Amino acid sequence: MKVLEAVSTIAGKYFAVWVILTSVIAFMFPDPFLKLGGYITILLGVVMFGMGLTLKAVDFKIIFTKPLPVLIGVCAQFIIMPLVAFVIAKLLNLPAELAAGLVLLGCVPGGTASNVMVYLAKGNVPLSIAMTSVSTLLAPIMTPLLLLMLAGQWMPVDAVAMFMSIVQVIIVPIVLGLAIKKFFPVAVEKSLTILPLISVAAIITIVAAVVSGNSATIAASGLLIFTAVMLHNGFGLLLGYFSGKVLGQDEVNRRAIAIEVGMQNSGLGVALATAHFGPLAALPSVLAAAWHNISGPILATYWSKKPAVKSEAETAVKPVEVKL
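Calculation notes
- Residues numbered from 1 in each chain as written.
- Predicted model: local features only at pLDDT ≥ 70, side-chain atom pairs only at ≥ 80, totals over all residues.
- Heavy atoms only, no water.
- Helix = DSSP H or I, 4+ residues; strand = E, 2+ residues; numbered from the N terminus.
- Buried < 20%, exposed > 50% of the residue type's maximum accessible area, 1.4 Å probe, protein only.
- Contact = heavy atoms within 4.5 Å.
- Areas by Shrake-Rupley, 256 points an atom, 1.4 Å probe, with all protein chains shown as cover.
- pLDDT = per-residue confidence, 0-100.
- Axes fitted to C-alpha atoms, helices over the stretch in contact; angles between N-to-C directions.
- Parallel < 35°, antiparallel > 145°, perpendicular 65-115°, else oblique.
- Left-handed = near helix turned anticlockwise from the far one by under 90°.
- Nonpolar A, V, L, I, M, F, W, Y, C, P; charged D, E, K, R; others polar.
- Salt bridge = Lys/Arg side-chain N within 4 Å of Asp/Glu carboxyl O.
- Phe/Tyr/Trp six-rings, centres within 6.5 Å; stacked < 30°, edge-to-face > 60°.
- Core = buried A, V, L, I, M, F, W, Y, C linked by side-chain atoms within 4.5 Å.
- Expected span 1.5 Å × (residues − 1).

**Observations regarding the overall build of the protein**
When its secondary structure is counted, the protein shows 16 helices and zero strands. Counting across all 324 residues of the protein, residues that qualify as buried make up 51%. Put simply, of all contacts in the protein between residues at least 6 apart along the chain, 85% involve residues at least 24 apart. Carbon and sulfur atoms make up 74% of the accessible area of the protein, which amounts to about 15,400 Å² in all.

Right, dumping it as structure tokens:
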């Protein structure tokens, strides 16, 4: 068990490295990975089941005690990212399937890796977890609705079918995870340390499946769509931070909101794009799986070296501590 725990820790710590290596190998040698495409939905369900196992009642406490930061963050998530994706797709004149895929990436909820990044960035971790949980639970409604409004000009959007897909892929596994945790708490507690290994293995398998199935297209338009993904992520981080600043949030909340808004659930993007738009539309989410886990640690490392400045309201109430 200790060996598995050690491997799990390494898998989680170097997640971006594994995603990049897997992408390169699947791109250069696609044939062995082509059959994995049929397992994308199941694999994402495994990741969401793991999320259900780790959720606690205390994770939702902030929603009731301090709802404003959560509301600001979730609204920013579902306003900034879809609109930025739409504008980038227009400005770069992306092909229809890639444009729809980028907008889809913008419409999915926040990714679970963001919670770790917020912790490293000395941000508000409970706020980050609450935002991830709330945006994920809202995804069956918000993602199809936003796609219907923004991506319909490029690809036909079946909002009802997408709603059912998200319920099956996200809500059912999370609820099942919560139920297992309730009835078998001791067994779940013992297995939590190896969950990162399972999640990383599932996500890199999804990445391998999509990259191998689109190797020719990646070679032709990979630079263009990678530029789009980088811009999308960069504007998400920047606008997420400033939305918190404009609305009076302190530094620790701004950092949490920025990272939550900028980092998407790329695995869900891959699964939905593959099922409803086509494999090419999954490319933005595949590239995001790698890039978000590069940009996130870079920003977290930068912020980790800068102490979070308290809001003016807090400093006005609390006396300034003078060190001699």
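**A look at the confidence of the model for the protein**
Confidence in the prediction of the protein, expressed as mean pLDDT, is 80, and 87% of residues score 70 or more. The least confident element of the protein, judged by mean pLDDT, is helix H16 (residues 312-317) at 39; the most confident is helix H5 (residues 67-91) at 92. In the model, residues 311-324 has pLDDT below 50 throughout and makes three contacts with residues more than four positions away in sequence or in other chains.

**Examining the side chain of Ser285**
Along the chain, Ser285 turns up in helix H15 (residues 283-304). Of the residues examined, Ser285 reaches a relative accessible area of 0% and is grouped as buried. The contacts of Ser285, once residues within four sequence positions are left out, are Leu105, Ser266, Gly269 and Val270.

**Some details on the packing of H5 against helix H8 (residues 125-150)**
Between H5 and H8, the shortest axis-to-axis distance is 9 Å and the interhelical angle comes to 40 degrees. Judged on the interaxial angle alone, H8 and H5 are oblique. The chirality of how H5 crosses H8 is right-handed. In this structure, H5 contributes Pro69, Val70, Gly73, Val74, Gln77, Phe78, Pro82, Leu83 and Phe86 to the contact, and H8 contributes Leu127, Ala130, Met131, Val134, Ser135, Leu138, Met142, Leu146 and Leu150. In terms of residue class, the contact of H5 with H8 is made up of 15 nonpolar, three polar and no charged.

**Some points on the pattern of salt bridges**
Tallied over the entire structure, the rule returns two salt bridges. Glu251 is the partner of Arg255 in a salt bridge, and the nearest nitrogen-oxygen pair spans 2.9 Å. Of this pair, Arg255 and Glu251 both sit in helix H13 (residues 251-262), four residues apart, which is roughly one turn of the helix. No difference in accessibility class separates Arg255 from Glu251, as the two residues are buried. Linked by salt bridges that have partners in common, Glu251, Arg254 and Arg255 make up one network.

**Considerations on the packing of aromatic side chains**
The tally for this structure, following the rule as stated, stands at four aromatic pairs. Look at Tyr241 and Phe242: their rings are 5.5 Å apart centre to centre, the planes differ by 85 degrees, and that puts the pair in the edge-to-face class. Under the relative-accessibility criterion, Tyr241 is labelled buried at 16%. Put simply, the rings of Tyr241, Phe242 and Trp303 touch in pairs and so form one group of aromatic residues.

**Some details on the packing of H5 against helix H6 (residues 96-107)**
For the pair H5 and H6, the least separation of the axes is 7 Å and the interaxial angle reads 165 degrees. Of the possible angle classes, the one that applies to H5 and H6 is roughly antiparallel. The chirality of how H5 crosses H6 is right-handed. Contact residues: Gln77, Phe78, Met81, Pro82, Ala85, Phe86, Ile88 and Ala89 in H5; Ala99, Leu102, Val103, Gly106 and Cys107 in H6. Grouping the amino acids of the contact of H5 with H6 by side-chain chemistry returns eleven nonpolar, two polar and no charged.

**Side note on the nonpolar core**
Core analysis: the biggest nonpolar cluster contains 92 residues, and Leu94, Leu102, Val103, Leu147, Ile170, Ile259 and Phe277 have the highest contact counts within it. The element that contributes the greatest number of residues to this core is H5, accounting for eleven residues. The residues contacting Leu102, other than those within four sequence positions of it, are Ala85, Ile88, Ala89, Leu94, Ala228, Val229, His232 and Pro284.

**Observations regarding helix H3 (residues 40-54)**
For H3, spanning 15 residues, the distance from its first C-alpha to its last is 22 Å, which sits close to the expected 21 Å at 1.5 Å a residue. Considered for burial, the residues of H3 that qualify are Ile40, Leu43, Leu44, Gly45, Val47, Met48, Gly50, Met51, Gly52 and Leu53.

**Brief notes about H6**
Under the 1.5 Å per step criterion, the end-to-end length of H6 is 16 Å for twelve residues, consistent within 8% with the ideal 16 Å. Burial analysis of H6 places ten of its twelve residues in the buried class, the great majority of the element. Along H6, the residues that are buried comprise Leu98, Ala99, Ala100, Gly101, Leu102, Val103, Leu104, Leu105, Gly106 and Cys107.

**As for the side chain of Ser128**
Along the polypeptide, Ser128 turns up in helix H8. Residue classification places Ser128 among the buried positions, given a relative accessible area of 0%. Non-local contacts of Ser128, meaning those with residues more than four positions away in its chain, are made with Ser114, Asn115, Val118, Ala256 and Glu260.

**Details of the environment of Leu53**
Looking at where Leu53 falls in the secondary structure, it is placed in helix H3. Between the C-alpha atoms of Leu53 and Val188, which are 135 residues apart in sequence, the distance is 7.1 Å.

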